[in-house]
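For reference, the chains in residue letters:
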There are 2 protein chains.
Amino acid sequence: MSSLTFNIAAVERDTGLSKDVLRVWERRYGFPSPERDANGERCYPTEQVERLCLIKRLMDQGHRPGKLLGLPVDALNQLTPRRHAARERTPAQADLAELLALLRQHDAVGYQRALQQRLARQGLQRFVQDTVAPLTELVGVAWEEGRFEVFEEHLFTELTKRLLRQAISTLPAGRGPRLLLTSVPNEEHVLGLLMVEALFVLEGVECIPLGTQMPLHDIARAAAAHAADIVALSFSVAFPPRQIPGLLQQLRQTLPAGIELWAGGGGTVRLSPPAGVRLLPGFADALDALAEWRARRS
Amino acid sequence: MSSLTFNIAAVERDTGLSKDVLRVWERRYGFPSPERDANGERCYPTEQVERLCLIKRLMDQGHRPGKLLGLPVDALNQLTPRRHAARERTPAQADLAELLALLRQHDAVGYQRALQQRLARQGLQRFVQDTVAPLTELVGVAWEEGRFEVFEEHLFTELTKRLLRQAISTLPAGRGPRLLLTSVPNEEHVLGLLMVEALFVLEGVECIPLGTQMPLHDIARAAAAHAADIVALSFSVAFPPRQIPGLLQQLRQTLPAGIELWAGGGGTVRLSPPAGVRLLPGFADALDALAEWRARRS
DNA sequence: CGCACTAATTGTCCAGGACAAAAGGAGGTT
DNA sequence: AACCTCCTTTTGTCCTGGACAATTAGTGCG
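Values in this document were obtained by computation on a predicted structure and should not be read as measured data.

Considerations on the overall build of chain A
Thought 1: When you go through chain A residue by residue, the secondary structure sums to twelve helices and eight strands.
Thought 2: Dimensions of chain A along its principal axes, counting C-alpha atoms only, are 70 × 45 × 35 Å.
Thought 3: With 298 residues in all, chain A has 35% of them scored as buried.
Thought 4: In chain A, of all internal contacts separated by at least 6 residues, the share reaching a separation of at least 24 is 68%.

What follows is the structure, given as structure tokens:
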């Protein structure tokens, strides 16, 4: 009956596929094949939008569009992740499965309580490294494999964010260096930033959290205004890797030479370090960098 | 020397103006007028990007592109907000100016302390209504008028978010109704959601916070999975008003009939209520709606 | 098996036309 | 002056179809 349809902008919004891509796929592969309204504009029916979402998810796992777009829905549903073929289960992950289960049961209260317990037991540093970080990865994998819904992932992010923020707020204010924490436009993953902030504040760093998605110009201005010693950016694994070097280089040129530029997060793991930028693929690297900075300034 | 240039995608990212708009402006008004690289693609110099940012801000204040695009930079800088011509200063706002001043001095610690004091003095309910809400509006105005930088606004959001979340987390868990709180894609303003959450949790509502930007399909799924009684959406004043009715109607159709749909925030003030949706332009309306819901169920 | 080189794939950009929705303006009525 | 209606202009978004560079896959050779 209702037979809702979406215009191309709505599909772009819901699937994350740009208008250009939607049109060129239609031209090349014959899918999607939207109807047209009186004005000749594309009207995508719900089924096609859902199929596009599925295709998008499979592509994020390393499949290629040419193969996927010819396939019927059933075949798509049976495809498994390609990129990370072998993924062994560490004991730590087995331990975390309990938390995942709570999320999948939509038990917000239970999840919060379990998280709080782990925080109390492990202390903030180990909590970040041994609970939040691997949990984030597990959720990412579950999401890639379609075992997690969008809203389950959102709930995870929201509740975990809250606990981390709360933990950070109980710590005493740092004494230096002054470190500005943010991410570039289109990078909205916030958990990485919060994890680093927690570790740094524990070490007495004075963090200035600016949230995510700060235009490059404004990062430079903020660094100057706050008299920051260091600017630290976070790139998640989901961020388009080829954009990163350019962004870092551009920011490095805009930023005063006296201010250091650090970049961390899963997106920086397989990256050759640009000039004047320090890469911190893991937490240990971040703490090392901090120790070195302090040694240099003392 | 460096003479950085931006390709059209970078300009879209930095200015928020779509590629289509950038090209059609160039065609119609002769600005921007980017150079071309060896491949015939547009290369926007820094000055033009900055001018575009300025134009964008003036447009958000109600100016129209046809007038702005012919003007030189000096003239642009002298333009004042148009939409809210007369804006009188209430005494309450004068009181809040102190907080604004702290933000403009980039004194994060001082701002947090001042906010915390106000929270302790006013209690959460009045803090939300008399401090956070008007402060958010003031920051919005200051931002529109160019008196606030992007990063100052981000800092405000980040710090205020933290305090509200912290305050919410100290409250006891609610007993019902179960209320799902989120926003639609492209609506990323989170403070409104947090303010409502604080007020509702104070009233014993069991809030399920899903963060911002949830696709409509997933909102419906989440509501079912969480067995929510009510779905509440927040629309900021900055959200394109014409999209709201369509979105609400579409969601209403997807959502099971037994689940109520509420929509609030500054974006819903001048809106005729769609069928099956309850509009809550202000906090009082939200509390009224809650009282009525409870009366109906008792 | 590793490496260089060719071929296919795929995303993004371009030009320029079209149209509908929104905003502005004109004119008449209360 | 405020309000409504009708008409005009402005403005954003969508369209087609072509092009090309960057990535990925495939192939042959040392």
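A few points about the nonpolar core
Thought 1: With 124 residues, the main nonpolar core has A:Leu179, A:Leu180, B:Leu179 and B:Leu180 as its most contacted residues.
Thought 2: If we skip the residues at most four places from it in the chain, B:Leu179 touches B:Phe200, B:Val205, B:Glu206, B:Cys207, B:Ile208, B:Ala228, B:Asp229, B:Ile230 and B:Ala232.

A short note on the protein's contact with DNA strand D
Thought 1: In the vicinity of DNA strand D there are 18 residues, among which A:Ala9, A:Glu41, A:Arg42, B:Arg64 and B:Gly66 approach most closely.
Thought 2: The set of elements that each furnish at least two residues to the surface near DNA strand D consists of helix 1 (8-15) and helix 2 (19-29) of chain A together with helix 2 (19-29) and helix 4 (65-68) of chain B.
Thought 3: The biggest single contributor to the surface near DNA strand D is helix 2 of chain B, with three residues.
Thought 4: Of the residues assigned to the surface near DNA strand D, the class counts are five nonpolar, five polar and eight charged.

Here's the deal with the relation of the copies chain A and chain B
Here the two chain copies are tied together by a rotation about an axis and a shift along that axis.
Thought 1: Each copy of the sequence occupies a distinct position, and chain A is placed on chain B by a rotation of 180° and an axial shift of 0.0 Å, giving an RMSD of 0.2 Å. Put plainly, the chains are arranged around a two-fold axis. Taking the C-alpha atom as reference, chain A places A:Gln166 closest to the rotation axis, 3.0 Å from it.

Brief notes about the protein's contact with DNA strand C
Thought 1: What surrounds DNA strand C is a group of 18 residues, the closest being A:Arg64, A:Gly66, B:Ala9, B:Arg42 and B:Arg242.
Thought 2: Elements with a contribution of two residues or more to the surface near DNA strand C: helix 2 and helix 4 (65-68) of chain A together with helix 1 (8-15) and helix 2 of chain B.
Thought 3: Broken down by element, the surface near DNA strand C gets its largest block of residues, three residues, from helix 2 of chain A.
Thought 4: Class assignment for the residues of the surface near DNA strand C results in five nonpolar, five polar and eight charged.

Brief notes about the packing of helix 8 (residues 150-169) of chain A against helix 8 (residues 150-169) of chain B
Thought 1: Closest axis-to-axis distance for the helix 8 of chain A/helix 8 of chain B pair is 10 Å, and the angle between their directions is 100°. Between helix 8 of chain A and helix 8 of chain B, the angle falls in the class roughly perpendicular. Across the interface between the two elements, A:Arg162, A:Arg165, A:Gln166 and A:Ser169 from helix 8 of chain A touch B:Arg162, B:Arg165, B:Gln166 and B:Ser169 from helix 8 of chain B.
Thought 2: Split into classes, the residues belonging to the contact of helix 8 of chain A with helix 8 of chain B amount to no nonpolar, four polar and four charged.

A look at the domain arrangement of chain A
Residue and element names in this part refer to chain A.
Thought 1: Looking at chain A, the domain boundaries give domain 1 (5-78), domain 2 (91-168) and domain 3 (173-297).
Thought 2: Computed over C-alpha atoms only, the centres of domain 2 and domain 3 are separated by 24 Å.
Thought 3: With 14 residues of domain 2 at the contact, the number on the domain 3 side is ten residues.
Thought 4: When contributions to the side of domain 2 that touches domain 3 are tallied by element, the ones reaching two or more residues are helix 7 (108-144) and helix 8.
Thought 5: Its residues assigned to classes, the side of domain 2 that touches domain 3 shows seven nonpolar, five polar and two charged.

Criteria and thresholds
- Residues numbered from 1 in each chain as written.
- Chains lettered and ligands numbered in written order.
- Predicted model: local features only at pLDDT ≥ 70, side-chain atom pairs only at ≥ 80, totals over all residues.
- Helix = DSSP H or I, 4+ residues; strand = E, 2+ residues; numbered from the N terminus.
- Buried ≥ 20, exposed ≤ 12 C-beta atoms within 10 Å, placed from the backbone.
- Contact = placed C-beta atoms within 7 Å.
- Core = buried A, V, L, I, M, F, W, Y, C linked by C-beta atoms within 7 Å.
- Near = placed C-beta within 6 Å.
- Nonpolar A, V, L, I, M, F, W, Y, C, P; charged D, E, K, R; others polar.
- Least-squares fit on C-alpha atoms with pLDDT ≥ 70 in both.
- Axes fitted to C-alpha atoms, helices over the stretch in contact; angles between N-to-C directions.
- Parallel < 35°, antiparallel > 145°, perpendicular 65-115°, else oblique.
- Domains from an automatic or database assignment.

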